[in-house]
Amino acid sequence: MTIFKQKESEEYLTVSEVKAFLEDVEAERAADEDRELRYELARAIEHVNRFAHLDPEESRELVEKLLELEKVDAPTAIKIADLLPQSRDELRAVYAQERYALDGDELDEVLNVVAKYV
């Protein structure tokens, strides 16, 4: 007998949005003395605390502004909002797995949007 897991839905979230969600989970677990934080959950909380630089609202606003640009799709916008690249080289690293590359003007356009949030 095989058990299949079915994906009900998929939503991309920034690290900042995940941090807000995990803060709620952590507070819920802290209220119940009998429940401990599992290792994976503790590591996830540590990760988001270290790497979330923006507020959830700011990160979502940045993603929306990036999606207005021509060559930025949702997963890439989320990566950019999480990493907040400061240079062309850092931004090229985000696009390294894509089948296309951005030229200098397109890179600068993305970096100008990111600069408003750093």
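Residues numbered from 1 in each chain as written. Predicted model: local features only at pLDDT ≥ 70, side-chain atom pairs only at ≥ 80, totals over all residues. Heavy atoms only, no water.

The protein chain is annotated in an unreviewed UniProt entry as DNA-directed RNA polymerase subunit Rpo4 of Halobellus ruber. Recorded in UniProt under Subcellular location (unreviewed entry), the annotation for the protein chain is "Cytoplasm". The UniProt entry for the protein chain carries this comment under Sequence similarities (unreviewed entry): "Belongs to the eukaryotic RPB4 RNA polymerase subunit family." (UniProt positions renumbered as here; feature names shortened; annotations may be inferred.)

> Sorry if this is basic, but what is going on with unusual backbone geometry here?
Here the phi dihedral of Leu 84 falls at roughly 50°; this positive angle occurs in a residue that is not glycine. With respect to the secondary-structure elements, Leu 84 resides in the loop between α4 (74-83) and α5 (88-94). (Helix = DSSP H or I, 4+ residues; strand = E, 2+ residues; numbered from the N terminus.)

> Is there a simple way to explain the pattern of salt bridges in this structure?
Close approach of charged atoms allows side chains with opposite charge to pair. Enumeration over the complete set of coordinates arrives at seven salt bridges. Across the pair Glu 17 and Arg 60 runs a salt bridge, and its minimum N-O distance is 2.8 Å. With Glu 17 in helix α1 (residues 15-31) and Arg 60 in helix α3 (residues 56-67), this pair connects stretches of sequence that are 43 residues apart. Taken together, the shared-partner salt bridges connect Arg 43, Glu 46 and Arg 50 into one network. (Salt bridge = Lys/Arg side-chain N within 4 Å of Asp/Glu carboxyl O.)

> Help me out: how do you make sense of the environment of Asp 55 in this one?
The topology assignment puts Asp 55 in the loop between α2 (39-51) and α3. Expressed as a C-alpha distance, the spacing of Asp 55 and Val 118, which sit 63 residues apart in the sequence, is 11 Å.

> Explanation requested: the side chain of Thr 76 in the structure shown.
Here Thr 76 shows up in helix α4. The buried category is assigned to Thr 76, whose relative accessible area is 1%. Beyond its immediate chain neighbours, meaning those up to four positions away, Thr 76 contacts Val 94, Tyr 95 and Glu 98. (Buried < 20%, exposed > 50% of the residue type's maximum accessible area, 1.4 Å probe, protein only. Contact = heavy atoms within 4.5 Å.)

> What is the right way to read the nonpolar core from this model?
Within soluble globular proteins, side chains that are nonpolar generally end up buried alongside one another. If you look at the biggest cluster of nonpolar residues, it comprises 21 residues, and the most contacted ones within it are Leu 62, Leu 66, Val 72, Ile 80, Leu 91 and Val 110. Of all the elements in the fold, those that place two or more residues in this core are α3, α4, α5 and α6 (104-115). Tallying contributions element by element places α6 first for this core, with five residues. If sequence neighbours within four positions are ignored, Ile 80 has contacts with Leu 66, Pro 85, Leu 91, Val 94, Tyr 95, Val 110 and Val 114. Core analysis: the next-biggest nonpolar cluster, separate from the first, contains seven residues, Val 15, Leu 22, Val 48 and Ala 52 among them. (Core = buried A, V, L, I, M, F, W, Y, C linked by side-chain atoms within 4.5 Å.)

> It is not clear to me how the domain arrangement of the protein chain should be interpreted in this structure. Could you clarify?
Reports often express the size of an interface as the amount of accessible area lost when the parts come together. Its domain assignment divides the protein chain into domain 1 (15-51) and domain 2 (56-115). Taken together, the five residues of domain 1 in the interface contact four residues of domain 2. Of the roughly 400 Å² buried where domain 1 meets domain 2, counting both sides, 45% is carbon and sulfur surface. Counting the surface domain 1 buries against domain 2, the share from its top three residues, Val 15, Ser 16 and Glu 17, is 86%. Across the domain 1-domain 2 interface, the total number found is one salt bridge. (Domains from an automatic or database assignment. Buried area = accessible area lost by both parts, 1.4 Å probe.)

> In this structure, what is going on with the packing of aromatic side chains? I would like to understand it.
Aromatic ring pairs are described here by two measures, namely the spacing of the ring centres and the angle between the planes. One pass over the structure, following the stated rule, counts one aromatic pair. Measuring from centroid to centroid gives 6.1 Å for Tyr 95 and Tyr 100, while their planes differ by 55°, and the two rings are tilted. On the basis of relative accessible area, Tyr 95 is assigned to the buried category, the value being 5%. (Phe/Tyr/Trp six-rings, centres within 6.5 Å; stacked < 30°, edge-to-face > 60°.)

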